[in-house]
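Fold and contact review
Okay, here's what each chain looks like letter by letter:
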Amino acid sequence: MLRAGIVGLPNVGKSTLFNAVVANAKAQAANFPFCTIEPNTGVVAVPDERLNVLAKISSSAEIIPARVEFVDIAGLVKGASQGEGLGNQFLANIREVDAIVHVVRCFENDDIIHVAGSVDPVRDIEVIDLELALSDLAQIERRIERARKQARTSKESQVEVAALERLLEVLNQGKSARLVDLNEEEEALVKPLGLLTRKPVIYAANVSEDDLATGNAWVENVRAIAAQEGAQVVVVSAQVESELIELPEDERAEFLESLGVQEGGLKSLIRATYNLLGLRTYFTTGPKETRAWTIHAGMSAPQAAGVIHSDFERGFIRAETVAYEDLVATGSMTAAKEKGLVRSEGKDYIVAEGDVMLFRFNV
């Protein structure tokens, strides 16, 4: 299961957001820095209305959604890369995740202290980015000296040094390592470093209840920064989400409608995180269960089968496949077969988003 780390300065709403993402989470959300020291983790379902539709078609007894793990990482401060505010420990936690959800404070509240004394999303993002970049620089500088010695006799190390030098150049310009294009071999060589600024990022602009529907000038500032690096921004109100989880399901829609939105920002955030990680979904469905399976984009049918069980991949024969839209339009697998919409796909088939699949294999 892939993991997304929730990061940001202290008191921007990270733990409140985490508690809302994982309704039963116990992360303390208090009004002082370093409230969170050990990272809290929680597994959340990826919202997908297609599951309900397929379950109805198949009269499934159970629905099992795709899942993403979120990690609530303690607030970073200026100087974190030199160990300020337990920074080394927190940076190590970030190295272990696959993607970053960067929570940015875009609301005023005199009762919630800002660590820098005022609300300024641009400054806050720069503080976090600088600390991540400084940590990456230190990682690369330690590694590149050793790699240069090895490069005298190793072609692989020569490739690694060239990649590290390009990364160093970009980081020294104050930019993120993710802006450097690396080929497959280079990527594999630098991956063990766990570079923080190479991880994909989503900005979660945390706004007040009043700004959830429309955003505000601070949100536009965040969007401008995100646009420069091709990142996504999701507008969310952590406080609203924390209130939503206390309401009965039938009252949530009414509450959101009163705020001028159709759904809370959390569903958008979870979906965006899932897509950011380069993930795709295929389905299996039947009377027992309808289930969403998570794969990487570009996976073949045998690889997708291996997500269910390694025996499925080893003994793969073929996959009976129908597009979700075709199955829904015909109303049943039997009707889809009668119309010739169920295909028999072999080992070279690349699974498409939303495929409904049944695997044939030898044990």
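Please read all numbers here as calculations on a predicted model, not as lab measurements. (Residues numbered from 1 in each chain as written. Predicted model: local features only at pLDDT ≥ 70, side-chain atom pairs only at ≥ 80, totals over all residues. Heavy atoms only, no water.)

What to know about the environment of Leu-279
Position of Leu-279 relative to the elements: it lies in strand S8 (residues 279–285). Taking the relative accessible area as the measure of exposure, Leu-279 reaches 4% and is therefore buried. Remark: the alpha-carbon pair of Leu-279 and Trp-293, spanning 14 residues in sequence, is separated by 9.9 Å. Sequence-distant contacts of Leu-279, that is, excluding residues within four places in its chain, are made with Leu-2, Tyr-274, Thr-294, Ile-295 and His-296. (Helix = DSSP H or I, 4+ residues; strand = E, 2+ residues; numbered from the N terminus. Buried < 20%, exposed > 50% of the residue type's maximum accessible area, 1.4 Å probe, protein only. Contact = heavy atoms within 4.5 Å.)

Observations regarding the pattern of salt bridges
The full count for this structure, using the stated rule, is 16 salt bridges. In this structure, Glu-145 and Arg-148 form a salt bridge, with 3.0 Å as the shortest nitrogen-oxygen distance. Residue Glu-145 and its partner Arg-148 are both found in helix H4 (residues 121–150); the two are separated by three residues, about one turn of the helix. Here Glu-229 makes a salt bridge to Arg-178, at a shortest N to O gap of 2.9 Å. Of this pair, Glu-229 sits in the loop between helix H7 (217–228) and strand S7 (232–236) while Arg-178 sits in the loop between helix H5 (155–172) and helix H6 (184–190); the two residues are 51 residues apart in sequence, bridging distant segments of the chain. Three or more residues are tied together by salt bridges with common partners; here these are Asp-48, Arg-50 and Glu-353. (Salt bridge = Lys/Arg side-chain N within 4 Å of Asp/Glu carboxyl O.)

Some remarks on the layout of surface pockets
There is about 690 Å³ of room inside the largest pocket. Among the elements of the structure, helix H1 (14–21), strand S2 (40–45), helix H2 (49–58), helix H8 (238–244), helix H9 (249–258) and helix H10 (265–276) are those that each provide at least two residues to the lining of the largest pocket. Tallying contributions element by element places H9 first for the lining of the largest pocket, with four residues. Counted by class, the lining of the largest pocket contains 16 nonpolar, three polar and seven charged residues. Around the second largest pocket, the lining is made up of 18 residues, and of these Asp-98, Glu-187, Lys-191, Arg-198 and Pro-200 lie nearest the centre. (1 Å grid on protein atoms, 1.4 Å probe; cavity = no way out; pocket = protein on both sides within 12 Å on 5 of 7 lines; lining within 4 Å. Points joined across faces, edges and corners; volume = space filled by probe spheres on them. Nonpolar A, V, L, I, M, F, W, Y, C, P; charged D, E, K, R; others polar.)

Remarks on empty space enclosed by the protein
Tallying each qualifying case throughout the model produces one cavity of 30 Å³ or more. Volume-wise, the largest cavity comes out at about 50 Å³. Lining the largest cavity are Ile-100, His-102, Asp-129, Leu-132, Arg-178, Lys-199, Val-201 and Tyr-203. Listed by contribution, the elements that provide at least two residues to the lining of the largest cavity are strand S5 (99–105), H4 and strand S6 (201–206). For the lining of the largest cavity, a count of residues per class yields four nonpolar, one polar and three charged.

Concerning the sheet that holds strand S4 (residues 67–72)
One open sheet accounts for six strands, arranged S2-S4-S1-S5-S6-S7; its pairing is mixed. Every interior strand has two partners, whereas the edge strands, S2 and S7, have only one. Neighbour-to-neighbour, the strand axes of the sheet open up by a mean angle of 25 degrees, direction not taken into account. One ladder, built from four bridges, connects strand S1 (residues 3–7) with S4; its direction is parallel. (Pairing = 2+ DSSP bridges. Axes fitted to C-alpha atoms, helices over the stretch in contact; angles between N-to-C directions.)

What to know about the nonpolar core
Judged by nonpolar contacts, the single largest core of 69 residues is most densely connected at Leu-17, Phe-70, Ile-94, Val-101, Tyr-203 and Leu-269. With 19 residues, the next largest nonpolar core counts Leu-137, Ile-144, Val-161 and Leu-171 among its residues. (Core = buried A, V, L, I, M, F, W, Y, C linked by side-chain atoms within 4.5 Å.)

Quick word on the packing of aromatic side chains
Here the structure, examined in full by the defined rule, presents four aromatic pairs. Centre to centre, the rings of Phe-283 and Tyr-324 are 6.3 Å apart; their planes meet at 45 degrees, and the pair counts as tilted. Taken together, the residues span a long stretch of sequence, with Phe-283 in strand S8 and Tyr-324 in helix H13 (residues 324–330) at a distance of 41 residues. Here Phe-283 and Tyr-324 have matching classes, each one buried. Feature note: the residues Tyr-282, Phe-316 and Phe-359 constitute an aromatic cluster, connected by ring pairs. (Phe/Tyr/Trp six-rings, centres within 6.5 Å; stacked < 30°, edge-to-face > 60°.)

Read these as layout, nothing more, since geometry by itself doesn't imply function.
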